[in-house]
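Here are the chains, one letter per residue:
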Amino acid sequence: MRRIINSTFVTIDGVIKDPQHWPSLRASDDGDAQLEVLLGCDGVLLGRDTYHSFASVWQGRSCDPYTDKINSVAKYVVSTTMDKADWDNTSVIGGDVVAEIARLKDGPGGDIVQYGFGRLSHTLMEHGLLDELRLWVHPFFFGRAGGDGLLFREGTRTMFDVVGTKTYASGVVLLSYRLKTPATGF
């Protein structure tokens, strides 16, 4: 069975929105690890907002292994408002999202990386479809965000086991968690 691995950038104060606007870290030494996550998967799962954000950056570019892989890999965007997606190798999942993603997990292939942490992530947790959570904690308070811009919001109560930690010279700390079973909460 394929695993779904969420990979999300977050600041110490819980901001997840628009990391492209965050302060630049002098020593950006976690790029190889981010590439390793993507190379270890043969699918990318995105919510609509993350899809539009990623497509605007990566679509049509080619210059490095990460860009080449994200453009060539199968992508799945969850949306009730999109009929089609214009980024190569992208399928739209609408309708019964839980059943479609469960079918995707049960199908052939490798793991699926999910970027961003919004309604889709909470739906995955609620239905036991999220297998691993990787939080890339950036060493600063951003000080601006609210509602959907924060990791911390009301949602599904879910327990995880720590499966790894790594600190990079930039100060970014990668925290890796695996969903506890059963995924029924506390």
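The residue numbering used here restarts from 1 in each chain and proceeds along that chain's sequence as written. Where local features are concerned, this predicted model is filtered to residues with pLDDT of at least 70; where side-chain atom pairs are given and counted, the filter is 80 or more; whole-chain, interface and lining totals use all residues. Side-chain numbers come from the whole structure's heavy atoms, not from hydrogens or water.

This part covers the overall build of the chain. When helices and strands are tallied, the chain shows five helices and eight strands. The way it works is that DSSP assigns letters per residue, a run of H or I at least four long becomes a helix, a run of E at least two long becomes a strand, and they are numbered from the N terminus. In sequence order, the chain lays out its α and β elements as β-α-β-α-α-β-β-α-β-α-β-β-β. Within these notes, the globule rule equals 2.2 Å times the number of residues to the 0.38 power, and the radius of gyration is based on C-alpha atoms. Over its C-alpha trace the chain gives a radius of gyration of 16 Å, about what one expects of a compact globule, namely 16 Å for 186 residues. Its C-alpha atoms give the chain principal-axis dimensions of roughly 45 × 40 × 30 Å. Residue burial in the chain is summarised as follows: out of 186 residues, 44% are buried. Of all intrachain contacts in the chain linking residues separated by at least 6 positions in sequence, the fraction that spans at least 24 positions is 72%. For the area figures, the Shrake-Rupley method with a 1.4 Å probe applies, and any residue is considered shielded solely by the protein chains shown. Summed over all atoms, the accessible surface of the chain reaches about 9900 Å², with 50% contributed by carbon and sulfur. His residues and chain termini do not enter the charge count, which takes Lys and Arg as positive and Asp and Glu as negative. The location of each charge is read from NZ of Lys, CZ of Arg, CG of Asp or CD of Glu. Of the charged side chains in the chain, 19 are positive and 23 negative, and the gap between their average positions amounts to 2 Å. The buried label applies to any residue whose accessible area, calculated with a 1.4 Å probe on protein chains only, is under 20% of its type's maximum; exposed applies above 50%, and partly exposed to all values in between. Should any heavy atoms of two residues lie within 4.5 Å, those residues are considered in contact.

Pairing between two strands requires that DSSP report at least two bridges joining them. Read from one edge of the open sheet, eight strands run β4-β3-β2-β5-β1-β6-β8-β7, paired in mixed fashion. The sheet is open, and its two edges are formed by β4 (90-93) and β7 (160-167), each paired on a single side. If you compare each strand with its neighbour and ignore which way they point, the axes differ by 25° on average. As paired elements, strand β6 (residues 132-138) and strand β8 (residues 173-179) share six bridges and run antiparallel to each other. By the bridge assignment for β8, Trp136 is matched with Leu174. Helix axes are fitted only over the stretch in contact, all axes being lines through C-alpha atoms; the angle between N-to-C directions runs from 0 to 180 degrees. Those strands touched by helix α2 (residues 48-58) are β2 (41-47), β3 (74-78), β4 and β5 (111-115), and its axis lies near 115° from that of β2. Contacts from helix α3 (residues 65-72) reach β2, β3 and β5 within the one sheet, and its direction differs from that of β3 by about 65°.

One side-chain nitrogen of Lys or Arg within 4 Å of one carboxyl oxygen of Asp or Glu is enough to make a salt bridge. All chains considered together, the criterion is met by eight salt bridges. Between Arg2 and Asp42 there is a salt bridge, and its shortest N-O distance comes to 2.7 Å. Note that Arg2 is positioned in the segment before β1 (4-11) and Asp42 in strand β2, a separation of 40 residues in sequence. A relative accessible area of 6% places Arg2 in the buried class. On the basis of relative accessibility, which here comes to 31%, the residue Asp42 falls in the partly exposed class. A single salt-bridge network, built from bridges that share partners, covers Arg3, Asp111, Glu132 and Arg134.

Extensive coverage of β3 is indicated by the burial of four of its five residues. Two strands pair when backbone bridges link them, and β2 and β3 are joined in this way by five bridges, in the parallel orientation. Counted as the bridge partner of Gly47 is Val78 from β3. Judged from the four bridges that link them, β3 and β4 form a sheet pairing that is parallel. Pairing of Val78 across the sheet is with Ile93, part of β4.

For the rest of this paragraph, the subject is the environment of Asp42. Along the primary structure Asp42 and Lys75 are separated by 33 residues, whereas in three dimensions their C-alpha atoms are 8.8 Å apart. Residues contacting Asp42, with those up to four places away along its chain left out, are Arg2, Val73, Ala74, Gly109, Gly110 and Asp111. In terms of polar contacts, Asp42 uses its side chain to reach the side chain of Arg2, at 2.7 Å. Any pair of N or O atoms that falls within 3.5 Å is considered a polar contact. Within protein, one atom must be able to donate a hydrogen and the other to accept it, and sequence-neighbouring residues count only if both atoms are side-chain atoms. Here Gly110 takes part through its backbone nitrogen, which lies 2.8 Å from a polar atom of the side chain of Asp42.

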